[in-house]
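# Secondary and tertiary structure notes
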Number of protein chains: 2
Amino acid sequence: MLRPTSFDVAERAGVSQSTVSRALRGSPGVNAETRARVSAAARELGYVVDRHASSLRLKSSETLALVTICRPGEDRSAINPFYFALLGSIAAATSARGFNLLVSFQESPANFRADFVASGLADAMIVIGTTSNRAAWDYFAEAQASGLEFVCWGSPGDPFHWMRSDNDAGGRIAAEHLVATGRRRPAFVGPQRSPQRQFDERRDGFAAALAAHGITPAIVSPPAGADRHAQGVAAARALLDAHPDTDAIFAASDMLALGVLQGLKDAGRSVPGDVALIGFDGIRAGTLADPALTTLEPDLDAAGEALVAMALEDDDHRLGGTRIPVRLARRGTA
Amino acid sequence: MLRPTSFDVAERAGVSQSTVSRALRGSPGVNAETRARVSAAARELGYVVDRHASSLRLKSSETLALVTICRPGEDRSAINPFYFALLGSIAAATSARGFNLLVSFQESPANFRADFVASGLADAMIVIGTTSNRAAWDYFAEAQASGLEFVCWGSPGDPFHWMRSDNDAGGRIAAEHLVATGRRRPAFVGPQRSPQRQFDERRDGFAAALAAHGITPAIVSPPAGADRHAQGVAAARALLDAHPDTDAIFAASDMLALGVLQGLKDAGRSVPGDVALIGFDGIRAGTLADPALTTLEPDLDAAGEALVAMALEDDDHRLGGTRIPVRLARRGTA
DNA sequence: CTGAAAGCGCTTACAG
DNA sequence: CTGAAAGCGCTTACAG
């Protein structure tokens, strides 16, 4: 027998197929002795409920779909590690609910897909990943306009239901920490007016807190570059050219910050001696840098949990706009 | 109408439901004009084939399950980035076949699961992740013994169908490079007789190539530690105590190597000036280290493709034991 | 507490 | 080339 069915279990246990189904689902009103006999028969046969039949009947697949948008042409191993970490925390929150997780990396029209819920494969969908892939987000905007629901991380655009870090608070914390440690000529490095509004939020929180101290930060938008790290290297150079006396940098993300760190070293500046540096995201690679990167770390467990809760249990998206708390992970660079 | 079915499409197109199914599946022998009418009706209704009904009927789900074993109690963001990168390449190979990917991170008996194929959810299963979680691998060994098939990365134990890097060649390449660049007192840092035989293979290739030059490397097994990085820091210390004149280190993995790099710096050794260092895996964080880590880099695309091919298309596992080629990524440390 | 039966939405052999 | 019908393996309302 290739794959036993509930009829096979029924025969072995000497009951009807409907009783097998009830017993195995834990339905109330099944005699304890009967239930035990059915369980034993199922175990002996190596029977596992067919999820397709079950899902078809129940009209629910207990599965969450997670789409990660990649940069076009990007090597999969070059995906920003923040998204891998977020994927991990989403997986944990999904598994805690007994749900399965369907994962899809998408980068070009050839593999854009938003029909996981429409096909019944998943009960809800989450979209994360780079906002730099305009074609992908246009595709998902259109999908949403045509009635396909999903929830996303960050703020890739206006029509979406999103959730993101408390970026404003993060910017303020960075500012206060730098001022408290004696820095007076701080700069912000990050994309300006990016569709990913997170970056502007971080800058604005930073600038607002500095303003209370009578300080105006230099603002540097990273030049175009292959990835955030390369952009950071170039941004450090540009910043030091324009403001050689900079004594502190708040970078809009860790990958950017790690590039800035490299650029500072290349320029002969010591960190944190000459220049203090703070990133944002809390990626693992930051702890391996030399010195280890001081950063604003969102509570990733909370992020995964909140995203999954919003996707799966929050039909009217009341959780929309929830701010995930961030904390200063003080390490070597500031 | 909540979710349209093929009957709704049939009504709109003025054909029978069976014709809708044939037209949409691209079955031969459907009138071109009919097919076009059906497609139009489906589009207008936003109809998408129900995958559960389809899979139930076809007895195939076009889905691959990927299990990643984690260290017990490990934060998801602390998972060795090599496995995230491998996950990415497996996702690419899966998606290239038009298959879905079901992802499951497992760490403790509470969430061990190997029944993805048995429940019909997936057509095949791949297992990757740390070999340090003995309970998990015992669980999967038992699953395999009871008839659940899967394919894994590395060599977590004997009963498994596996695929791994050409570790022996990698060890030899490391040795030849170090000798060619003038190093004469090399050491190997890595777990000895680990269930993950990869490590011993790397060491043996390394030692064999050195032997041809009349050199015997020092061998250091990293002390127990929270993770590979911490183990690397401690191993560097232990190695320098026992062999202060060491001028080159080949570490069994990049995370270990990054710890060793930290340990060397802590001890005041310059890299690569005093000590050259080579890792294994090609993780992204290595490129961010200072100096950037020289490493043996497996061809990840080939690894993902071969694993997926073996899981999905190689029923008798003739691909078992395939060696994924590695190349020396020469960066700053050697 | 248990069984017979309907039905979830498809695919395809069979008939025409 | 197209339609009517069986059947994939479940879950549960209905009857007893």
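Parameters at a glance
Residues numbered from 1 in each chain as written. Chains lettered and ligands numbered in written order. Predicted model: local features only at pLDDT ≥ 70, side-chain atom pairs only at ≥ 80, totals over all residues. Heavy atoms only, no water. Helix = DSSP H or I, 4+ residues; strand = E, 2+ residues; numbered from the N terminus. Rg over C-alpha atoms; globule rule 2.2 N^0.38 Å. Buried < 20%, exposed > 50% of the residue type's maximum accessible area, 1.4 Å probe, protein only. Contact = heavy atoms within 4.5 Å. Areas by Shrake-Rupley, 256 points an atom, 1.4 Å probe, with all protein chains shown as cover. Phe/Tyr/Trp six-rings, centres within 6.5 Å; stacked < 30°, edge-to-face > 60°. Near = heavy atom within 4 Å. Polar contact = N/O pair within 3.5 Å; in protein donor to acceptor, adjacent residues only side chain to side chain. Least-squares fit on C-alpha atoms with pLDDT ≥ 70 in both. Salt bridge = Lys/Arg side-chain N within 4 Å of Asp/Glu carboxyl O. Pairing = 2+ DSSP bridges. Axes fitted to C-alpha atoms, helices over the stretch in contact; angles between N-to-C directions. Parallel < 35°, antiparallel > 145°, perpendicular 65-115°, else oblique. Left-handed = near helix turned anticlockwise from the far one by under 90°. Nonpolar A, V, L, I, M, F, W, Y, C, P; charged D, E, K, R; others polar.

In the nomenclature of an unreviewed UniProt entry, chain A corresponds to LacI family transcriptional regulator from the organism Sphingopyxis jiangsuensis.

### Details of the overall build of chain A
Looking only at helices and strands, one finds 12 helices and 12 strands in chain A. For 334 residues, the compact-globule estimate of 2.2 N^0.38 gives 20 Å, and chain A exceeds it by more than 25% at 25 Å. Counting only C-alpha atoms and orienting by the principal axes, one finds that chain A spans roughly 85 × 40 × 35 Å. Within chain A, buried positions represent 55% of all 334 residues. Sequence-distant contacts in chain A: of pairs separated by 6 or more residues, those separated by 24 or more amount to 73%. Per element, the accessible surface of chain A, about 13,300 Å² overall, is 50% carbon and sulfur.

### Overview of the packing of aromatic side chains
All names here are of chain A. Counting across every chain of the model gives 23 aromatic pairs over all chains. Ring centres 5.6 Å apart and planes at 80° place the aromatic pair Phe-140 and Phe-150 in the edge-to-face group. Placement of Phe-140 in helix H6 (residues 134–145) and of Phe-150 in the loop between H6 and strand E4 (151–153) is noted, with a sequence separation of 10 residues between them. Residue class for Phe-140 comes out buried when judged on its relative accessible area of 0%. Note on Phe-150: relative accessible area 1%, which makes it buried.

### Thoughts on the protein's contact with DNA strand D
With respect to spatial proximity, 26 residues lie near DNA strand D, and among them A:Gln17, A:Ser21, A:Arg57, B:Arg22 and B:Thr34 are the closest. Sugar and phosphate atoms represent 59% of those atoms of DNA strand D found within 4 Å of the protein. Here a phosphate oxygen of DNA strand D and a side-chain polar atom of B:Thr19 are 2.6 Å apart. Here a phosphate oxygen of DNA strand D and a side-chain polar atom of B:Lys59 are 2.5 Å apart.

### Thoughts on the relation of the copies chain A and chain B
Superposing chain A onto chain B requires a rotation of 180° together with a translation of 0.0 Å along the rotation axis, leaving an RMSD of 0.1 Å. Expressed as a symmetry operation, the mapping of one chain copy onto the other fits a two-fold axis. In this assembly the copies share their binding face: 100% of the residues contributing to the interface of chain A also contribute to that of chain B.

### Side note on the pattern of salt bridges
Per the stated rule, a full pass over the model turns up 32 salt bridges over all chains. Beyond isolated ion pairs, a larger network of salt bridges with shared partners links A:Arg97, A:Glu305 and A:Glu313.

### Looking at the sheet that holds strand E9 (residues 276–280) of chain B
All names here are of chain B. The 6 strands are arranged E7-E6-E8-E9-E10-E12 in an open sheet whose pairing can be described as mixed. Looking along the sheet, the strands with just one partner apiece sit at the ends: strand E7 (218–220) and strand E12 (326–329). If you compare each strand with its neighbour and ignore which way they point, the axes differ by 20° on average. In terms of strand pairing, E9 meets strand E10 (residues 294–298) through 3 bridges, oriented parallel. If you follow Phe-280 over to E10, its bridge partner there is Leu-296. Sitting on the sheet, helix H8 (residues 198–211) is in contact with strand E6 (186–189), E7, strand E8 (248–251) and E9, with an inclination near 170° to E6.

### What about the environment of B:Leu101?
Mapped onto the elements, B:Leu101 comes out in strand E2 (residues 100–106). Considered as a pair, B:Leu101 and B:Ala65 are 36 residues apart in the sequence and their alpha carbons are 5.9 Å apart. Once you skip the residues sitting within four places of it in the chain, B:Leu101 turns out to touch A:Leu101, A:Leu102, A:Val103, B:Leu64, B:Leu66, B:Ile90, B:Ala91 and B:Thr94.

### Regarding the side chain of B:Ser253
Structurally, B:Ser253 can be placed in the loop between E8 and helix H10 (254–266). Setting aside its immediate chain neighbours within four residues, B:Ser253 contacts B:Phe199, B:Gly279, B:Phe280 and B:Asp281.

### Regarding the packing of helix H1 (residues 6–13) of chain A against helix H3 (residues 32–45) of chain A
Helix packing geometry: the angle between the two helix axes and the distance between the axes. All names here are of chain A. Following both chains from N to C, one finds H1 and H3 inclined at 120°, their axes separated by 9 Å at the closest point. In terms of orientation, H1 and H3 fall into the oblique class. The crossing of H1 and H3 is right-handed. Mapping the contact onto sequence places Asp-8, Val-9, Arg-12 and Ala-13 in H1 and Arg-37, Val-38, Ala-41, Ala-42, Glu-44 and Leu-45 in H3. Tallied by class, the residues present in the contact of H1 with H3 amount to 6 nonpolar, no polar and 4 charged.

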